[in-house]
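Listed here are the chains, written in short residue letters.
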Amino acid sequence: MVNCSRCGNREGLSLVTVLYEEGANAGRALVYCEACKADMMAWIGEAIPLEKVSPAVFLDLYRTGKTASDPFTAVELVFGRKDADLVRQAQALLNTNSGA
Ligand SMILES: [Zn+2]
């Protein structure tokens with residue numbers, strides 16, 4: 001079950017990136033409800049309604065450097081289940097971005 005990373009709400013959820021620092025391009029991948037999204041507006045980079053978040057959309061955040069969140073944690077937060085294959089793909093993109 002997916003719920004808001006901040007308050008536990010299960011309605012109106014979006015995948016958001018909460019910027020690591022002000023003006024940063026990248027942020028931590030979390031799931032927020034409408035109220036938390038509004039509260040944290042200044043710190044939110046990307047906000048994608050959860051029903052539109054496919055594995056491809058999720059991986060694009062890593063591909064474009066919008067997040068560097070630990071993929072294992074992020075996949076569970078966003079999809080509400082473990083997915084080793086998706087984690088592996090996100091990890092590979094992270095490694096590519098960091099030049100490793
Ligand atoms: Zn919330």
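Residues numbered from 1 in each chain as written. Predicted model: local features only at pLDDT ≥ 70, side-chain atom pairs only at ≥ 80, totals over all residues. Heavy atoms only, no water.

1. Quick notes on the packing of aromatic side chains
Part 1: Per the stated rule, a full pass over the model turns up two aromatic pairs.
Part 2: When the ring of F58 is compared with that of F79, the centres are 5.4 Å apart and the planes differ by 75°; the resulting orientation is edge-to-face. Here the residue F58 occupies a position in helix α2 (residues 55–63), and F79 occupies one in helix α3 (residues 71–79), the gap between them amounting to 21 residues. For the pair F58 and F79, one class covers both residues: buried. (Phe/Tyr/Trp six-rings, centres within 6.5 Å; stacked < 30°, edge-to-face > 60°. Helix = DSSP H or I, 4+ residues; strand = E, 2+ residues; numbered from the N terminus. Buried < 20%, exposed > 50% of the residue type's maximum accessible area, 1.4 Å probe, protein only.)

2. A closer look at α3
Part 1: Among the residues making up α3, those that are buried are P71, A74, V75, V78 and F79. With its buried residues spanning 100° around the axis, α3 presents them on a single face.
Part 2: On the buried face of α3, the contacting elements are β1 (14–19), β2 (27–32), α2 and α4 (84–97).
Part 3: Trailing α3 by a residue or two, G80 shows a phi angle of about 70°, which is positive. (Arc of directions from axis to C-beta. Contact = heavy atoms within 4.5 Å.)

3. Digging into the sheet that holds β1
Part 1: Read across the open sheet, the three strands follow the order β2-β1-β3; overall the sheet is antiparallel. Since the sheet does not close on itself, it has two edges, and those belong to β2 and β3 (44–49), each with one partner. Neighbour to neighbour, the strand axes of the sheet diverge by 20° on average, direction disregarded.
Part 2: Where β1 and β3 come together, four bridges link them in antiparallel fashion. Paired with V18 across the strands is I44, a residue of β3.
Part 3: Along the sheet, α3 contacts β1 and β2; its crossing angle with β2, the most-contacted strand, is approximately 25°. (Pairing = 2+ DSSP bridges. Axes fitted to C-alpha atoms, helices over the stretch in contact; angles between N-to-C directions.)

4. Let's talk about the coordination of the zinc ion
Part 1: Donor atoms from the polypeptide that bind the zinc ion are C4 (SG), C7 (SG), C33 (SG) and C36 (SG), placed at 2.3 to 2.4 Å.
Part 2: Classification of the site at the zinc ion as tetrahedral follows from its four donor atoms and the range of 105 to 119° in their angles at the metal.
Part 3: Counting along the primary sequence, the residues that act as donors to the zinc ion give the motif C-x2-C-x25-C-x2-C. Here the two residues C33 and C36 agree in accessibility, since each one is buried. (Donors = N, O, S within 2.8 Å, 3.2 Å for Na, K, Ca; no water. Tetrahedral: all angles 85-135°; square planar, octahedral: opposite > 155°, others 65-115°.)

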